[in-house]
Amino acid sequence: MSWKPSEDVERDKERAAEYEKLYSGFTFHGPLTVELRTGIIIAARFADKLRRAAFAAFSKMVPEDVILRDIAELNKTVYDEMIKRSIDKLALVRISVVVSYDQKANKLNFSDLKIERLYTEDEVNKAIEERCGELERKIEKIRSIIGSI
């Protein structure tokens, strides 16, 4: 499978230098190991954010085609996990992953993937109200059972 730079990829490469200065979307853990972070984003934007962070972190030491190939695989893994967890594309998430470059294999390796689903205050309040209503119904049922004894 060959990778051809798309308009999105070209845009991401142009923004990588800016990204390094404005947003620390990565932290070096060693010479060829980096933790990539998206920050808080809507789930639908994770692929662009991870690709940009990877370009910013690795563009000077890893061939572009390797970054594109391996980040595409990571993005598939992240997408599958979000589907499995029923995370909606408009949900707020924060993703981090440790990435190391294996020069011999010419491959990026990923570990310690974290996908955090964040909730707005309204979402939390709604969940609490639903749970409280459910508990109140159970308490009322228990009271009626006890009252009939």
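Up top is the structure.
Criteria and cut-off values
- Residues numbered from 1 in each chain as written.
- Predicted model: local features only at pLDDT ≥ 70, side-chain atom pairs only at ≥ 80, totals over all residues.
- Heavy atoms only, no water.
- Salt bridge = Lys/Arg side-chain N within 4 Å of Asp/Glu carboxyl O.
- Helix = DSSP H or I, 4+ residues; strand = E, 2+ residues; numbered from the N terminus.
- Buried < 20%, exposed > 50% of the residue type's maximum accessible area, 1.4 Å probe, protein only.
- Pairing = 2+ DSSP bridges.
- Axes fitted to C-alpha atoms, helices over the stretch in contact; angles between N-to-C directions.
- Contact = heavy atoms within 4.5 Å.
- Core = buried A, V, L, I, M, F, W, Y, C linked by side-chain atoms within 4.5 Å.
- Lys, Arg positive; Asp, Glu negative; His and termini not counted.
- Patch = residues over 30% accessible without salt bridge, like charges linked within 9 Å, V, L, I, M, F, W, Y side chains within 5 Å.
- Areas by Shrake-Rupley, 256 points an atom, 1.4 Å probe, with all protein chains shown as cover.

1. Let's talk about the pattern of salt bridges
Part 1 of the argument: One pass over the structure, following the stated rule, counts 12 salt bridges.
Part 2 of the argument: For the salt bridge of Asp48 with Arg51, the shortest nitrogen-to-oxygen distance reads 2.7 Å. Here Asp48 and its partner Arg51 are both found in helix H2 (residues 46–58), three residues apart, which amounts to about one turn of the helix. Here the two residues Asp48 and Arg51 agree in accessibility, since each one is buried.
Part 3 of the argument: In this structure, Arg143 and Glu140 form a salt bridge, with 3.7 Å as the shortest nitrogen-oxygen distance. Highlighted residues: Arg143 and Glu140, both in helix H4 (residues 121–147), separated by three residues, approximately one helical turn.
Part 4 of the argument: Residue classification places Arg143 among the exposed positions, given a relative accessible area of 56%.
Part 5 of the argument: A residue is classified by how much of its surface remains accessible, and Glu140, at 47% relative accessible area, is partly exposed.
Part 6 of the argument: It is possible to trace a salt-bridge network through shared partners that takes in Arg45, Asp48 and Arg51.

2. Topic: the sheet that holds strand E1 (residues 26–30)
Part 1 of the argument: Pairing is antiparallel in the open sheet, where four strands are placed in the order E1-E2-E3-E4. Each having just a single partner strand, E1 and strand E4 (107–118) make up the two edges of the open sheet. In this sheet, adjacent strand axes meet at a mean angle of 15° when their direction is disregarded.
Part 2 of the argument: As defined by bridge partners, strand E2 (residues 33–42) adjoins strand E3 (residues 92–102) across eight bridges and the pair is classed as antiparallel. Note on E3: the bridge partner recorded for Val34 is Val99.
Part 3 of the argument: Of the strands in this sheet, E2, E3 and E4 touch helix H3 (residues 64–84), which is tilted by about 35° from E4.

3. Examining the nonpolar core
Part 1 of the argument: Of all hydrophobic cores here, the largest spans 31 residues; its most connected members are Leu36, Phe58, Val78, Met82 and Leu108.
Part 2 of the argument: Within the residue set of this core, elements represented by two or more residues are E2, H2, H3, E3 and E4.
Part 3 of the argument: Per element, the largest residue contribution to this core is eight residues, and it comes from H2.
Part 4 of the argument: Excluding anything up to four places from it in sequence, Val78 contacts Phe46, Leu50, Ile95, Leu113 and Ile115.

4. Description of the side chain of Glu35
Part 1 of the argument: Turning to its location among the elements, Glu35 is positioned in strand E2.
Part 2 of the argument: An unpaired buried charge is present at Glu35: no salt bridge exists, and Arg37, the closest side chain of opposite charge, is 4.2 Å distant.
Part 3 of the argument: When near neighbours in sequence (up to four residues on either side) are disregarded, Glu35 contacts Gly25, Phe26, Thr27, His29, Ser96, Val97 and Val98.

5. Things to note about a nonpolar patch on the surface
Part 1 of the argument: Together, Tyr119, Val124 and Ile128 give the surface a local cluster of nonpolar side chains, amounting to about 300 Å² of exposed area.
Part 2 of the argument: A residue is classified by how much of its surface remains accessible, and Tyr119, at 53% relative accessible area, is exposed.

6. Concerning unusual backbone geometry
Part 1 of the argument: For Asn106, which is not glycine, the phi dihedral falls at a positive 55°.
Part 2 of the argument: Residue position: Asn106 is located in the loop between E3 and E4.
Part 3 of the argument: Under the relative-accessibility criterion, Asn106 is labelled partly exposed at 28%.
Part 4 of the argument: Within the chain, Asp112 stands out as a residue other than glycine whose phi angle is a positive 55°.
Part 5 of the argument: Along the chain, Asp112 turns up in strand E4.
Part 6 of the argument: On the accessibility criterion, Asp112 (47% relative accessible area) is partly exposed.

Remember that the coordinates give geometry; whether it matters functionally is a separate question.
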